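Architecture and fold: a report
Okay, here's what each chain looks like letter by letter:
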Amino acid sequence: YIHSFLTNNPKRGFTLDLERDIKDIKRFKEIIKVFFEEGLGDYVTHFKGHLPWKHRVNPKFHLSKNKRHAAALRRSFERLGPTFVKLGQLLSLRADLVPREFTEELSKLQDQVPSFSYAKVKKIVENEFGKPINVLFKSFDKKPYASASIAQVHKAILKNGDKVAVKVQRPNVHEIINEDLDILFFIAKHLEERFPIIRDYHPVDVIKEFAIWTRKELNFNIEARHAERIKEEMQDNPNIKIPKIYEDLTSHRVMTMEFINGVNLDDLEGLKKFKVHK
């Protein structure tokens, strides 16, 4: 599909569409290059002479089975960064659209995201609140406790002794995601136009849903308000514990909340042993 998508009548509108619809052509080239390098299609070896720019592509694998294709897609998403990791996470939950081998492989993206440096974390926190990090917190772990596609979490202790989790947004993630969404809309639109078999899955609508979901996640003030609302509604339920949000240390890009130990939802044995402490 991608081979036909890129090579179908390139002189009659495709290049013009690229220039009109995509702001960052360099990023578009990078995305296509990564997909082909990871071996998403045996046609890769015949692709070098048909790209709409001069660039050499060296495929790493030649794949034919779903499991191997799924692994290649997961590796591609990891290489391409937060937008594609988030898209992979969404697709991992859509068994109605994606074969089982793909949902299983893409679910690995939930916990396998590289972290960014403490120096960048420190700069973001201090820019958001206008004070040195050692004034804002009694202590702040330099090593991240967890890392995800849009943000990473650090354990810290407040001046009053409260243990907290500080969620810090990745640098330049807004710009990266907006540029990638332009490219994803472009690809989805052309896939719908050119391939009837794909049209039935409504790729443009999927990307629209994904864009709305992702852009909301970029504003931690929205997440904080939702958490406070749920906490208020669940306050009389002894079986549910909602972490406290520290509003004075929460902003568009940073969210500070009560630190609570827990277990993954798919850890059934851990859930049996886990008890909520209020």
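About the cut-offs
Residues numbered from 1 in each chain as written. Predicted model: local features only at pLDDT ≥ 70, side-chain atom pairs only at ≥ 80, totals over all residues. Heavy atoms only, no water. Phe/Tyr/Trp six-rings, centres within 6.5 Å; stacked < 30°, edge-to-face > 60°. Buried < 20%, exposed > 50% of the residue type's maximum accessible area, 1.4 Å probe, protein only. Helix = DSSP H or I, 4+ residues; strand = E, 2+ residues; numbered from the N terminus. Axes fitted to C-alpha atoms, helices over the stretch in contact; angles between N-to-C directions. Parallel < 35°, antiparallel > 145°, perpendicular 65-115°, else oblique. Left-handed = near helix turned anticlockwise from the far one by under 90°. Contact = heavy atoms within 4.5 Å. Core = buried A, V, L, I, M, F, W, Y, C linked by side-chain atoms within 4.5 Å. Expected span 1.5 Å × (residues − 1). Salt bridge = Lys/Arg side-chain N within 4 Å of Asp/Glu carboxyl O. Pairing = 2+ DSSP bridges. Patch = residues over 30% accessible without salt bridge, like charges linked within 9 Å, V, L, I, M, F, W, Y side chains within 5 Å. Areas by Shrake-Rupley, 256 points an atom, 1.4 Å probe, with all protein chains shown as cover. pLDDT = per-residue confidence, 0-100.

**A few points about the packing of aromatic side chains**
- Tallied over the entire structure, the rule returns eight aromatic pairs.
- Consider the rings of Phe137 and Phe140, whose centres lie 5.3 Å apart with planes at 65°: the pair is edge-to-face. With respect to class, Phe137 is no different from Phe140; both count as buried.
- Ring plane angle 80° and centroid distance 5.3 Å describe the contact between Tyr145 and Phe259, whose orientation is recorded as edge-to-face. Of this pair, Tyr145 sits in the loop between strand E1 (139-140) and strand E2 (146-147) while Phe259 sits in the loop between strand E5 (254-258) and helix H13 (268-273), and the two are 114 residues apart along the sequence.
- Taken together, the ring pairs in this structure connect Phe35, Phe77 and Phe84 into an aromatic cluster.

**A word on the packing of helix H3 (residues 25-37) against helix H4 (residues 66-80)**
- For the pair H3 and H4, interaxial distance at closest approach is 9 Å and the crossing angle is 150°. As judged from the angle between their axes, H3 and H4 are roughly antiparallel. Considering only the axes of H3 and H4, their crossing is right-handed. Contacts between H3 and H4 involve Arg27, Glu30, Ile31, Val34, Phe35 and Glu37 from the former and Leu73, Ser76, Phe77, Arg79 and Leu80 from the latter.

**Considering the nonpolar core**
- Ranked by size, the top nonpolar core spans 48 residues in total, and within it Phe35, Leu73, Phe77, Phe84, Leu87 and Leu184 carry the most contacts.
- Those elements that provide at least two residues to this core are H3, H4, helix H5 (82-92), helix H6 (100-106), helix H9 (173-194), helix H11 (203-217), helix H12 (220-233) and E5.
- Among the elements that take part in this core, H9 stands out by supplying nine residues, more than any other.
- In contact with Phe77, not counting residues within four places along its chain, are Phe35, Phe84, Val85, Leu87, Gly88, Leu91, Leu106 and Leu109.

**Details of the side chain of Lys86**
- Here Lys86 lies in helix H5.
- Contacts of Lys86, omitting those with residues within four sequence positions, involve Ser149, Ile150, Phe210, Trp213, Thr214 and Glu217.

**A few points about H9**
- Spanning 22 residues, H9 covers 31 Å between terminal C-alpha atoms, matching the ideal 32 Å at 1.5 Å per step.
- Every buried residue of H9 is accounted for by Val173, Ile177, Asp180, Leu181, Ile183, Leu184, Phe186, Ile187, Ala188, His190, Leu191 and Glu192.

**Section: the pattern of salt bridges**
- Going through the model one piece at a time under the given rule, you end up with 17 salt bridges.
- Put simply, Arg74 and Glu105 hold a salt bridge, and the shortest N to O gap is 2.7 Å. One end of the pair, Arg74, is in helix H4; the other, Glu105, is in helix H6, and 31 residues separate them in sequence.
- Overall, the relative accessible area of 15% leaves Arg74 in the buried class.
- Among the ionic pairs, Arg229 bridges to Glu233, the shortest N-O distance being 3.4 Å. Residue Arg229 and its partner Glu233 are both found in helix H12; the two are separated by four residues, about one turn of the helix. By the burial criterion, Arg229 is exposed, and Glu233 matches it.
- Within this structure, Lys33, Glu37, Glu38, Arg75 and Arg79 form a network of salt bridges that share partners.

**Quick word on the pairing of strand E3 (residues 151-157)**
- Here E1 runs beside E3; their pairing, made up of two bridges, is antiparallel. When the bridges of E3 are listed, Phe140 appears paired with Ala156.
- Note: E2 against E3, two bridges, orientation antiparallel. Looking at E3, one finds that Ala146 is bridged to Val153.
- The antiparallel hairpin formed by E2 and E3 contains three residues in its connecting segment.
- Counting the residues between successive antiparallel strands, the hairpin from E3 to strand E4 (residues 163-169) contains five residues, one of them, Gly161, with a positive phi of roughly 95°.

**Things to note about a nonpolar patch on the surface**
- On the surface, a cluster of nonpolar side chains totalling about 390 Å² of accessible area is made up of Val263, Leu265, Leu268 and Leu271.
- Within the element layout of this structure, Val263 appears in the loop between E5 and H13.
- The exposure class assigned to Val263 is partly exposed, which follows from its relative accessible area of 31%.

**Here we look at the confidence of the model for the protein**
- Mean pLDDT over the protein: 81, with 80% of residues reaching 70 or higher.
- Within the protein, the lowest mean pLDDT, 48, falls on helix H1 (residues 2-7), and the highest, 98, falls on E1.
- In the predicted structure, residues 9-16 sits below a pLDDT of 50 and forms seven contacts with residues beyond four places in sequence or in another chain.
- Below a pLDDT of 50 lies the segment residues 41-57, which in the model reaches 35 contacts outside its immediate sequence neighbourhood of four places, other chains included.

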